[in-house]
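# Structural features, examined
Take a look at the letters that make up each chain.
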Amino acid sequence: MIKPMNPGQWMLILLIFISSQSSSFAHAATTYFQLKVYHFQTTEQEQVIDRFLEKAYLPAMHKLGFKEIAVFKPIDNKDKADKLVYVFSSSTKLEKYVSLDVDILKDKRYLESGKEYLDAAHTHPPYSRIETILMKAFEGMPFLTLPKLNGDKSERVYELRSYEAPTEKLSANKISMFNNGEIDIFNKLNFNAVFYGQVIAGSTMPNLIYLTTFENMNERDAHWKAFGPLYKPMAELPQYQNNVSKNVTTLCRPTQYSDI
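Definitions and limits used
- Residues numbered from 1 in each chain as written.
- Predicted model: local features only at pLDDT ≥ 70, side-chain atom pairs only at ≥ 80, totals over all residues.
- Heavy atoms only, no water.
- Helix = DSSP H or I, 4+ residues; strand = E, 2+ residues; numbered from the N terminus.
- Expected span 1.5 Å × (residues − 1).
- Bend = angle between axes of the 7 residues up to and from the residue.
- Contact = heavy atoms within 4.5 Å.
- Phe/Tyr/Trp six-rings, centres within 6.5 Å; stacked < 30°, edge-to-face > 60°.
- Buried < 20%, exposed > 50% of the residue type's maximum accessible area, 1.4 Å probe, protein only.
- Lys NZ or Arg CZ within 6 Å of the ring centre and 35° of its normal.
- pLDDT = per-residue confidence, 0-100.
- Pairing = 2+ DSSP bridges.
- Salt bridge = Lys/Arg side-chain N within 4 Å of Asp/Glu carboxyl O.

### A few points about helix α8 (residues 217-235)
The first and last C-alpha atoms of α8 sit 25 Å apart over 19 residues, in line with the 27 Å expected at 1.5 Å per residue. Roughly 40 degrees is the biggest bend found in α8, and it falls at P229. Close packing links the buried residues of α8 with β5 (157-164), α7 (168-188), β7 (207-214) and β8 (246-254).

Rendered as structure tokens:
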């Protein structure tokens, strides 16, 4: 015969249940971002990269559960020797990035569709180098937000900003600034931010990276003009001084096959 549980035992079970649910929620209540950067030099390389991303990489990533993937290029690419293609993805599970290189090779369609790129000769590579940056979402915006844009992709402006800091503590201070007011200003002015990420693996740490989006260049300029007066009082607070040592701003446009 099973003995009925006393109130203390019921309370213990309830606490275990709540703890397990809280732990699960805490684990899921953030997002990890990957920014893959292709460095290339020639038009031929760019075309190979584009075909690979559109026909092989994005479809394979979708099958693996990566839903919204952005592909965008600097507007001034043509003026630079080191040209770039950015590929942005996100997941609430960090382990998906850990196993990505292995998992994607199990996709036969990916291997076939990406053959031109994947089987390129060592004497004729499709890029100079690939850089991978891994980030964790800010508490102030823990998930990816899709931009609400209606204009043609060829006119849109995606503004990628990287804020490097002198020390880890000062970088954390700048992130706190975003979480405690700066993100609110961006939201109020409808900057259409896609993500704010603390870099946890990359070449220029400590730093943070975020992406805002606009219908066109005129709208982008107007937004930043409106931003200054709202941001100035916060920027002058003593606790937020000297927390950025380098601001790298890259103005881009999305490719036609980009999900975002």
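### Remarks on the packing of aromatic side chains
Summed over all chains, the structure comprises 30 aromatic pairs. An angle of 70 degrees between the planes, with centres 5.8 Å apart, marks the rings of F191 and F227 as edge-to-face. In this pair, F191 sits in the loop between α7 and β6 (195-201) while F227 sits in helix α8, placing the two residues 36 residues apart along the sequence. The exposure class assigned to F227 is buried, which follows from its relative accessible area of 6%. With a centroid separation of 5.0 Å and 25 degrees between ring planes, the pair formed by F227 and Y231 is classed as stacked. A residue pair is termed a helical-turn pair when its members lie 3 or 4 positions apart in one helix, as F227 and Y231 do in helix α8 at four residues. Here the guanidinium or amino end of R161 rests over the ring plane of W224, the centre of that ring lying 4.1 Å away.

### Quick word on the confidence of the model for the chain
Per-residue confidence for the chain gives a mean pLDDT of 92, with 89% of residues at or over 70. Long-range and interchain partners of residues 7-26, a stretch whose pLDDT sits below 50, account for three contacts in this model, where long-range means more than four residues apart.

### Overview of the pairing of β7
In terms of burial, β7 is a largely internal element, eight of the eight residues being buried. Of the two faces of β7, the one holding N207, I209, L211 and T213 and the one holding L208, Y210, T212 and F214 are both buried throughout. Note: β5 against β7, eight bridges, orientation antiparallel. Bridged to Y163 within β7 is L208. Sheet topology note: the β6/β7 ladder contains four bridges and is antiparallel. Note that in β7 the partner of F195 across the bridge is L211. Between the antiparallel neighbours β6 and β7 lie five residues.

### Topic: the pattern of salt bridges
The tally for this structure, following the rule as stated, stands at 12 salt bridges. As a salt-bridge pair, D76 and K80 come within 3.5 Å of each other at their nearest N and O atoms. For D76, a relative accessible area of 31% translates into the label partly exposed. Between R220 and D221 there is a salt bridge; the shortest N-O distance is 3.0 Å. Since its relative accessible area comes to 15%, R220 is described here as buried. Overall, D221 belongs to the partly exposed group, its relative accessible area being 38%. A single salt-bridge network, built from bridges that share partners, covers E159, R161, R220 and D221.

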